[in-house]
Amino acid sequence: MVKQIVDVLRDGTICLGSSVTCDGFAEGFPIRVQTHVHDDHMIKFETSKGLQDLVMRPETYSLLVAEKNADLEYRDNFHRLGCGKKFELEDGSHLCLLPSNHMLGSCQVTLQRTDGLRIGYSGDFGWPLGKVIEVDQLVVDSTYGSPRSVRHYTQAAAEECLSSLVFGQLRQGPVHIYAHRGTIERVLHVLSDNIGVPIIATARLIKEVEVYQDYGLAAGELLWADSEVGQLAMQEKSFVHLYSKGDGFRNEPMDGTSITCSAYMVPSNNPLLQYSDRAYRVSLSNHADFNETLAYIKATGAKKVVTDNTRNHGCELALAINQRLEGVFASPSSNKRAPC
Ligand SMILES: [Zn+2]
Ligand SMILES: [Zn+2]
């Protein structure tokens, strides 16, 4: 019986064997894989920058350069690894990344050891996926690991719900939309084709969207809020203003309608939640739900699974895997302090 060699540390750092961390730092591990740029996956990034080699998809690298400007471009410990390509470690094992359908640059990770054992991390992932990593041991994201987290509508229906809400509300005035990074670009993509009103954003968001456009996301034109055209557009009755992390949503009272696009899927049978006639939430999620998470685990072929128990649902998911997936043994992560 092969010993379990994957785990998650207390701060959320994923450990694959004894040399690779994902989305976090651990003493003595020379390599860090950055699966994507969401804040909760950027644990101790500055420490890693100084002490580890960092491996990521080129798209993630570009988003980091756009966000942090700074010195990243001049560092030789940042490695851009295209999907399906191999990155060889000193001990002869190698890393491989595959897309995870969560946001631009997001990936699943495999580490193939010299003895043939394959270990991996799902990263945050959406479903369905074109390609799934094939591994013996897996750390799986448990965001929707509860059997109660089942979505009873499609993502296409959620997008449809968002566009009809926006079209309807634009008759009463401007519409302000807040979403996470990655999701806000999806909102732009959904709306920009035929919305027929200006879409306003901060300089920060425009820069981020440009990275998406460089990688082929055909999103519409954004007007900079502080520019002359942007200011003029905002004097009109109807426009859409997009906001994401760092854009100052809700810092001042706003005219018109506010819509938050969030990953919460309560109620599970309807993507729309109305707070008032001017405030709504649309559940637009780039995460697999509970059933999709089980389908993903099955597709990886993993026989040992560690559920990420540093947040909600790690225990519930491990239990469900043991009950429902034959031949798969799951346990919640140890959440230890020290390196595993
Ligand atoms: Zn994420
Ligand atoms: Zn996450």
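K.L.:
What exactly am I supposed to notice about the overall build of the protein chain here?
P.N.:
Within the protein chain, the regular secondary structure consists of eight helices and 20 strands. Its C-alpha atoms give the protein chain a radius of gyration of 21 Å, within 12% of the compact-globule value 20 Å for 340 residues. Within the protein chain, the proportion of its 340 residues that are buried is 56%. Residue pairs at least 24 apart in sequence account for 61% of intrachain contacts in the protein chain once pairs closer than 6 positions are excluded.

K.L.:
Just checking my understanding: could you explain the coordination of the zinc ion (ligand 2) for this structure?
P.N.:
In a perfect tetrahedron of four donors around a metal, the angles come out at 109.5 degrees. In a perfect octahedron of six, they are 90 or 180 degrees. Listed as protein donors to the zinc ion (ligand 2) are Asp-40 (OD), His-41 (NE2) and Asp-124 (OD); their distances from the metal cover 2.2 to 2.7 Å. Between the donor residues of the zinc ion (ligand 2), the gaps in sequence give the motif D-H-x82-D. Between the zinc ion (ligand 2) and the zinc ion (ligand 1) the interatomic distance comes to 3.6 Å, and Asp-124 is a ligand of both metals. Pair noted here: His-41 is in the loop between β4 (31-33) and α1 (45-51) and Asp-124 is in the loop between β10 (118-121) and β11 (137-140), with a separation of 83 residues, a long-range link.

K.L.:
Can you walk me through helix α7 (residues 290-300) in this structure?
P.N.:
Along an α-helix, residues three or four positions apart point the same way, because every turn accommodates 3.6 residues. Of the residues making up α7, those classed as buried are Phe-290, Glu-292, Thr-293, Leu-294, Tyr-296, Ile-297 and Thr-300. Buried residues belonging to α7 abut β9 (107-112), β11, β19 (304-307) and α8 (314-324). The N-cap residue of α7 is Asp-289: its side-chain oxygen and the backbone nitrogen of Asn-291 are 3.3 Å apart.

K.L.:
Could you clarify how one ought to interpret the coordination of the zinc ion (ligand 1) in this entry?
P.N.:
The protein atoms that coordinate the zinc ion (ligand 1) are His-36 (NE2), His-38 (ND1), His-102 (NE2) and Asp-124 (OD), at distances of 2.2 to 2.3 Å. Around the zinc ion (ligand 1), the four donor atoms are arranged such that angles at the metal cover 91 to 167°; this shape is classified as irregular.

K.L.:
What is the right way to read the domain arrangement of the protein chain from this model?
P.N.:
Interfaces are often sized by the amount of accessible area the parts lose when they come together. When its domains are assigned, the protein chain resolves into domain 1 (6-148 + 287-332) and domain 2 (155-283). Between the C-alpha centres of domain 1 and domain 2 there is a distance of 30 Å. Contact residues are listed per partner, giving 14 residues for domain 1 and 12 residues for domain 2. For the pairing of domain 1 and domain 2, the buried interface totals around 1,200 Å² over both sides, and the portion due to carbon and sulfur atoms is 60%. On inspection of domain 1 and its partner domain 2, the count reaches three salt bridges. Measuring nitrogen to oxygen at the nearest pair gives 3.1 Å for the salt bridge that ties Glu-67 to Lys-245. Taken together, the links from domain 1 to domain 2 amount to eight residue pairs in polar contact (both at pLDDT 80 or more). When the residues that make up the side of domain 1 that touches domain 2 are grouped by side-chain class, the tally is seven nonpolar, three polar and four charged.

K.L.:
It is not clear to me how the pattern of salt bridges should be interpreted in this structure. Could you clarify?
P.N.:
Side chains carrying opposite charge are able to pair once their charged atoms draw close together. In this structure the tally under the stated criterion is 16 salt bridges. Residues joined by salt bridges that share partners form a network here, namely Asp-39, Glu-67, Arg-181, Arg-204, Glu-208, Lys-245 and Asp-247.

K.L.:
Can you help me understand the sheet that holds strand β18 (residues 279-283) in this one?
P.N.:
What holds strands together in a sheet is hydrogen bonding between their backbones, with the strands either parallel or antiparallel. Spatial ordering of the open sheet is given by β14-β13-β15-β12-β16-β18-β17, a layout of seven strands whose pairing is mixed. Each of the sheet's edge strands pairs with one partner strand only, and the pair in question is β14 (223-224) and β17 (272-276). One ladder, built from five bridges, connects strand β12 (residues 175-179) with strand β16 (residues 257-262); its direction is parallel. Opposite Val-175, over in β16, you have Thr-257 as the bridge partner. Against the sheet, helix α4 (residues 183-192) makes contact with β12, β13 (199-201), β15 (240-243) and β16, and its axis sits at roughly 140° relative to β12, the strand it touches most.

K.L.:
Looking at this structure, how should I read unusual backbone geometry?
P.N.:
Negative phi values dominate among residues other than glycine, just as trans dominates among peptide bonds. The peptide bond linking Trp-127 to Pro-128 adopts the cis configuration, its omega dihedral lying at 5°. You can see Pro-128 is positioned in the loop between β10 and β11. For Asp-23, which is not glycine, the phi dihedral falls at a positive 60°. Checked against the element boundaries, Asp-23 lands in the loop between β3 (20-22) and β4. With a relative accessible area of 1%, Asp-23 lands in the buried category. One non-glycine residue with positive phi stands out, namely His-313, at about 75°. With respect to the secondary-structure elements, His-313 resides in the loop between β19 and α8.

K.L.:
What is the right way to read the nonpolar core from this model?
P.N.:
The nonpolar side chains of a soluble globular protein tend to be buried with one another. Core analysis: the largest hydrophobic core is formed by 33 residues, its most contacted members being Val-166, Ile-177, Val-187, Val-240, Leu-242, Ile-259 and Cys-261. Looking at this core, the elements with two or more residues in it are α3 (155-169), β12, α4, β13, α5 (203-214), β15, β16 and β18. Setting aside its immediate chain neighbours within four residues, Ile-177 contacts Val-166, Ile-184, Val-187, Leu-191, Val-240, His-241, Leu-242, Tyr-243, Ile-259 and Cys-261.

About the criteria used
- Residues numbered from 1 in each chain as written.
- Chains lettered and ligands numbered in written order.
- Predicted model: local features only at pLDDT ≥ 70, side-chain atom pairs only at ≥ 80, totals over all residues.
- Heavy atoms only, no water.
- Helix = DSSP H or I, 4+ residues; strand = E, 2+ residues; numbered from the N terminus.
- Rg over C-alpha atoms; globule rule 2.2 N^0.38 Å.
- Buried < 20%, exposed > 50% of the residue type's maximum accessible area, 1.4 Å probe, protein only.
- Contact = heavy atoms within 4.5 Å.
- Donors = N, O, S within 2.8 Å, 3.2 Å for Na, K, Ca; no water.
- Polar contact = N/O pair within 3.5 Å; in protein donor to acceptor, adjacent residues only side chain to side chain.
- Tetrahedral: all angles 85-135°; square planar, octahedral: opposite > 155°, others 65-115°.
- Domains from an automatic or database assignment.
- Buried area = accessible area lost by both parts, 1.4 Å probe.
- Salt bridge = Lys/Arg side-chain N within 4 Å of Asp/Glu carboxyl O.
- Nonpolar A, V, L, I, M, F, W, Y, C, P; charged D, E, K, R; others polar.
- Pairing = 2+ DSSP bridges.
- Axes fitted to C-alpha atoms, helices over the stretch in contact; angles between N-to-C directions.
- Core = buried A, V, L, I, M, F, W, Y, C linked by side-chain atoms within 4.5 Å.

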